[in-house]
Amino acid sequence: MIWKKQQTFVMESGTSNQSRIIARQGDETVVEKREQLRVDRARVLHRIQELAKIGEAAGGGVTRKALTEEDRQGQELIQTWMREAGLMVRRDQAGNLIGRREGTNQSAPAVIIGSHIDTVPNGGNYDGTIGVIGGIEVAQILAEQEIVTTLPLEIIAFCDEEGTRFQGGLFGSRAMVGKVTRRELDAEDEAGISRKQALAAFGLEPELLATAERTSAEIKVFLEMHIEQGPYLQAANVPVGIVTGIAGPCWMTIRLTGEAGHAGTVPMNLRRDPLMASAEIIYALEEIVTKEKDAPTVATVGKVSVFPNGANVIPAHVEFTLDLRDSDLERRTNVLDEIRAKIAEVCRRRMLKYDMKENLAQEPVQCAGHVIESFARASMDSGIRAPQMISGAGHDAMMMSYITDMGMLFVRCKDGISHNVKEYADIADIAEGTSILLNTALHYLND
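Worth saying up front: this structure is predicted, and the values here are computed from it rather than measured.

**What about the nonpolar core?**
- Counting residues in hydrophobic clusters, the biggest one holds 83 residues, and the most contacted among them are Ile78, Leu153, Leu223 and Ile430.
- Per-element accounting of this core gives the leading share, 10 residues, to helix α12 (residues 427-445).
- In this view, leucine 153 contacts Gly99, Arg100, Arg101, Val111, Ile113, Val138, Ala139, Leu142 and Leu445; residues no more than four positions away in its chain are not counted.
- Ile254, Leu324, Ile343 and Val346 belong to the second-largest nonpolar core, a separate cluster that totals 20 residues.

**So, the environment of histidine 226**
- Along the chain, histidine 226 turns up in strand β8 (residues 219-227).
- Placed 112 residues apart in sequence, histidine 226 and glycine 114 show a C-alpha to C-alpha distance of 9.6 Å.
- Contacts of histidine 226, omitting those with residues within four sequence positions, involve Ser115, His116, Asp127, Gly128, Ile130, His395, Met408, Leu409, Phe410 and Val411.

**What about the packing of helix α2 (residues 69-84) against helix α3 (residues 129-144)?**
- Relative orientation of the contacting elements α2 and α3 amounts to 20 degrees, with a least axis distance of 9 Å. Considering their axes alone, α2 and α3 lie roughly parallel with respect to each other. Read as a crossing pair, α2 and α3 show a hand that is left-handed. Note on element contacts: α3 touches α2 through Val132, Ile133, Ile136 and Gln140, opposite Ile78, Trp81, Met82 and Glu84.
- Its residues assigned to classes, the contact of α2 with α3 comprises 6 nonpolar, 1 polar and 1 charged.

**Description of helix α9 (residues 329-350)**
- The end-to-end C-alpha distance of α9 is 32 Å, a good match for the 32 Å that 22 residues give at a rise of 1.5 Å each.
- Those residues of α9 that fall on the buried side of the exposure criterion are Arg331, Arg332, Val335, Leu336, Ile339, Ile343, Ala344, Val346 and Cys347.
- Of the surrounding elements, those touching the buried residues of α9 are β10 (248-257), α8 (274-289), β15 (317-326) and β16 (353-361).
- Measuring from the side-chain oxygen of the N-cap residue of α9 to the backbone nitrogen of glutamate 330 gives 3.0 Å; that N-cap residue is aspartate 328.

**What about unusual backbone geometry?**
- Following phenylalanine 307, the chain continues into proline 308 via a peptide bond in cis, with omega recorded as 5 degrees.
- Even without being a glycine, leucine 67 presents a positive backbone phi close to 60 degrees.
- Structurally, leucine 67 can be placed in the loop between α1 (41-52) and α2.

**A short note on the state of the cysteines**
- All chains considered together, the criterion is met by 0 disulfides.
- Just so you know, cysteine 367 is unpaired, no disulfide at all, and the nearest cysteine sulfur is the one on cysteine 413, 17 Å from it.
- Look at cysteine 367 and you get buried, because its relative accessible area is 8%.
- Using a relative accessible area of 1% as the deciding quantity, one classes cysteine 413 as buried.

**Overview of empty space enclosed by the protein**
- Per the stated rule, a full pass over the model turns up 2 cavities of 30 Å³ or more.
- Looking at the largest cavity, the residues that line it are Ala66, Asp71, Gln75, Ile117, Asp118, Ala157, Phe158, Cys159 and Asp160.
- Elements with a minimum of two residues in the lining of the largest cavity: α2 and β7 (153-158).
- Residues belonging to the lining of the largest cavity are distributed by class as follows: 5 nonpolar, 1 polar and 3 charged.
- Computed from the structure, the second largest cavity encloses a volume of approximately 30 Å³.
- Lining the second largest cavity are Asp118, Thr119, Val120, Gly123, Gly124, Asp127, Glu162 and His419.
- For the lining of the second largest cavity, the class distribution of residues is 1 nonpolar, 4 polar and 3 charged.

Reading the values: the criteria
Residues numbered from 1 in each chain as written. Predicted model: local features only at pLDDT ≥ 70, side-chain atom pairs only at ≥ 80, totals over all residues. Heavy atoms only, no water. Core = buried A, V, L, I, M, F, W, Y, C linked by side-chain atoms within 4.5 Å. Buried < 20%, exposed > 50% of the residue type's maximum accessible area, 1.4 Å probe, protein only. Helix = DSSP H or I, 4+ residues; strand = E, 2+ residues; numbered from the N terminus. Contact = heavy atoms within 4.5 Å. Axes fitted to C-alpha atoms, helices over the stretch in contact; angles between N-to-C directions. Parallel < 35°, antiparallel > 145°, perpendicular 65-115°, else oblique. Left-handed = near helix turned anticlockwise from the far one by under 90°. Nonpolar A, V, L, I, M, F, W, Y, C, P; charged D, E, K, R; others polar. Expected span 1.5 Å × (residues − 1). Polar contact = N/O pair within 3.5 Å; in protein donor to acceptor, adjacent residues only side chain to side chain. Disulfide = S-S within 2.5 Å. 1 Å grid on protein atoms, 1.4 Å probe; cavity = no way out; pocket = protein on both sides within 12 Å on 5 of 7 lines; lining within 4 Å. Points joined across faces, edges and corners; volume = space filled by probe spheres on them.

This is the structure we're talking about:
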C-alpha cells in the first residue's frame, strides 16, 4: 500500500485520522490520509515573550536596532529555535538569518516564509517577530510530524527591515534582490558608525554583499505573516486579512539652512529662521496629501533636528525626515512634486537654502493572485472569511516581489497600534494566522 499524506490544520484539541481510497494501481492501493496538525500556542507565545526580553526597556517597549548587540542576541535566540525545528541555519553577508529544510527534490525552488526581528526605538513585541516565529512553528510542525515535502522550505529573519539606525529600511531583502547601493553601505548612524562598519563588527564581509543575492530560479514563492499595524481588522472583527498590494514608501531627509542669531536682538522681519520655515512646510504637508479625500496617501515627519539647538539662539539649520507613502506611484510622484514646490516657495520667501536627499524610494507592488487565492482557501478551511486589503506599511515581501511571486497575511492587532509599547496581538489570532500560513505553505511545498 502507498500512503499519500495530505495535511489539514485544525485549531481544536483532540485527534482524528480519516483515510479514503483515491486510486488503484495494479495490486497497490493509493490512499489519501488526512492528519490534523496543530499550532502549539504555548510554544509560540513563549517564544514571542522570550524574544521581547532582548532589548526590553524598563518602562516597557523593545529596542533592537539592526546590527547592534541586542540584534545579535535576538538572532542567536532565533537560530536556536530554527535548529530545534530541524532547520540547517546560515547567515548571509547581508546579515539575513536563513533556516532551511530540504525537500525530496533538492534542486527545486524553495518556498520561503520570512519577516524581521529588528525594531524601531521603544517598539512593540509583535511587529515582524510573529512572521519569523510563525514560520519556525510551521517548520517545527513538519519536523515533529515527520512530513516529507517535495520542495525545500526556508525561514528567513531579514536584517534591518525597519531602517531606523541608518535611515534606510528593507536592507536585508533589498540585498537579496540586488538593490543595495554603495552609498547605503557608507550611511552612518547617530554615533558615526557606518553600515559597512556595523556589518563587519557583526562578523560579516560587506565586500561580499553580492553573494546574498538570490534568483527567481531558487524561489517558488515568498510568504509573509505580519501584524496589520492598522485598525481595519479589529473594526471588522476578523482575526486575519489577506493583503492584495503594498504601498510604496519614499523616505526623504530635508535640510533647511538659514542664519543663526541672538534670540533677543534680531528683529523678526530680518531673520532667516529655518525652524519657522520647517514648521510652515510641515503644516502644509497635511493639506497637500489630503487633497484627494479618498486616496490612501500619507505623509509623516517623524524626526526633527535643530542646530545649534539653543533656547536663546535662532537656529542655523534644521533637518527633518519625510515618510511619504501611496499605493499609486503616479499619485505619490505628483504629491512629492507639490511638496518640493512648497519647500522651494517657502525657502525663497524666507531667504533660506535647502537640500532634499532621497534615502529610499520603493514602487508600490501587487501580491500574486494565486497566493491571494491560496490564503483565501486556507482561511475558508479554518472557517474564516478573511477580507482583502492594502498594506500601507512597507514590508520585506515588496522587495521579494522583484524575484518571485509573493503574498502577505495580516493578523489583527489591538486598536491598530504598532511601533508603540502598547502594540498587542492576541495569541489566538496569531495561531489562526500561523495555521493559515502552514496550510498555504503545504500547498506550495507539495506542488
